[in-house]
Amino acid sequence: MKTSKALHWTLLLYCVLFFGIWAVFELWFRDVLDGWAASVGAGEWILQLLKSGVIKNLVWTLPAFWLMGHFAEEMHISRKEMLTQKVNWLPWLPWIGLFLLYAAAAAWVNHGRIGLSPEWKPTDLIWIAFVGITEESVFRGWLLNSTVKEGRTWQAVLVNALLFLAIHFPKWISEGIFVYAFTSFGFLEVMALSVLFSWSFLKSRSLAVPVVLHVLYDLFVVVIG
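Position numbers for residues start from 1 in each chain and track the written sequence from start to end. For this predicted model, a pLDDT threshold of at least 70 governs which residues receive local features, and a threshold of 80 or more governs which side-chain atom pairs are given and counted, while totals over whole chains, interfaces and linings are taken from all residues. The side-chain figures draw on all heavy atoms in the structure; neither hydrogens nor water molecules are used.

### What about the environment of E150?
Here E150 is to be found in the loop between α5 (124-147) and α6 (153-166). Buried means the residue's accessible area, taken with a 1.4 Å probe over protein chains only, is under 20% of the maximum for its type, while exposed means over 50%, and partly exposed covers the values in between. With a relative accessible area of 75%, E150 lands in the exposed category. Put simply, E150 and E119 are 31 residues apart on the chain and 45 Å apart in space, counted from C-alpha to C-alpha. Going along the chain from the N terminus, every DSSP run of H or I of four or more residues is numbered as a helix, and every run of E of two or more is numbered as a strand.

### Focus on a nonpolar patch on the surface
Among the surface-exposed residues, V24, L27, W28, V32 and I173 lie close enough to one another that they form a single nonpolar patch of about 480 Å² accessible area. If you tally residues by element for the nonpolar patch, the top one is helix α1 (residues 5-40), at 4 residues. Here W28 lies in helix α1. To count toward a patch, a residue needs a relative accessible area over 30% and no salt bridge; like charges are then connected within 9 Å, while nonpolar side chains (Val, Leu, Ile, Met, Phe, Trp, Tyr) are connected within 5 Å. In short, Shrake-Rupley with a 1.4 Å probe defines the accessible areas, and a residue's cover is counted only from the protein chains shown. Just to be clear on terms, a salt bridge is a Lys or Arg side-chain nitrogen sitting within 4 Å of an Asp or Glu carboxyl oxygen.

### Some points on the packing of α5 against helix α10 (residues 208-223)
Relative orientation of the contacting elements α5 and α10 amounts to 150°, with a least axis distance of 8 Å. One way to sum up the angle between α5 and α10 is to call them roughly antiparallel. Judged by the twist between their axes, the crossing of α5 over α10 is right-handed. Residue-level contacts link D124, L125, W127, I128, A129, V131, G132, I133, E135 and E136 of α5 to P210, V211, H214, V215, D218, L219 and V222 of α10. Each residue is assigned to one of three groups, with Ala, Val, Leu, Ile, Met, Phe, Trp, Tyr, Cys and Pro labelled nonpolar, Asp, Glu, Lys and Arg labelled charged, and all others, Gly among them, labelled polar. When its residues are assigned to classes, the contact of α5 with α10 shows 11 nonpolar, 2 polar and 4 charged. Simply put, an axis is a line fit to the C-alpha atoms, just over the touching stretch for a helix, and the angle between two N-to-C directions goes from 0 to 180 degrees. Here roughly perpendicular refers to angles of 65 to 115 degrees, roughly parallel to angles under 35, roughly antiparallel to angles over 145, and oblique to all remaining angles. In a left-handed crossing the near helix is turned counterclockwise from the far helix by less than a right angle, and in a right-handed crossing that turn is clockwise. For this analysis, residues touch if any pair of their heavy atoms sits within 4.5 Å.

### Comments concerning the nonpolar core
Nonpolar cores were defined as sets of buried Ala, Val, Leu, Ile, Met, Phe, Trp, Tyr and Cys residues, with membership established by side-chain atoms within 4.5 Å. Ranked by size, the top nonpolar core spans 45 residues in total, and within it Y14, F18, V138, F139, W142 and L143 carry the most contacts. Of all the elements, α1 adds the most residues to this core, at 10 residues. Those residues within four positions of F18 in sequence are excluded, and the remaining contacts are V59, W60, V138, F139 and I167. In this structure, F99, A103, L193 and V209 belong to the second largest nonpolar core, which totals 13 residues.

### Some words on the packing of aromatic side chains
Aromatic rings from Phe, Tyr and Trp, taking only the six-membered ring of Trp, are treated as a pair when their centres fall within 6.5 Å; an angle between ring planes under 30 degrees marks them as stacked, one over 60 as edge-to-face, and anything in between as tilted. Tallied over the full model, the rule gives 22 aromatic pairs. Where F139 meets F164, the ring centres are 5.2 Å apart and the plane angle is 80°; that geometry is what we call edge-to-face. Linking F139 in helix α5 with F164 in helix α6, this pair joins segments that are 25 residues apart in sequence. With respect to burial, F139 and F164 carry one shared label: buried.

Spelled out as structure tokens, the structure:
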């Protein structure tokens, strides 16, 4: 099935608005929100819930799910199927094990030990819990799902990986690590994870699989250090 003109132009407009809005949030509004929280004495838990639970879901998850439904006939996997498909988790356990080994190896190389990271905070669990839902809803449930075509799967997966990489740029810029992310080849990790999450979505036909893989990867690399 070819992409209709309506979906084609919607995808272009969506990417412009979505990437633009999130760049503004990361480069400007996040600091404004932090300043407001400090001025009213809002705790870190409330701030994280506002950022990751409310704002990110409003900007990422809700529009993506609405668009999946609006263009239901052009989705590779229906919204209902991706949410209700029964999953055999056994084939995915080795990947979870590899994530754990990777986090442990990185901790050993960087710190000479394996344990809880001294930089880890309990409030990190909030953004970790939501990151899989928000990012996989947009990049796998919506963008990949609406662009993958029979016989051209890997082209869509690679384009999706580039888009997934690009959404990290504003955060890297705001944190002053943009150049380092490339010189250290950290950007390749982001793209490789995107390919894995995309493949897991297409293979399982379930959004739950990339969501769980995404959450567990972030949990391991943040907590283990």
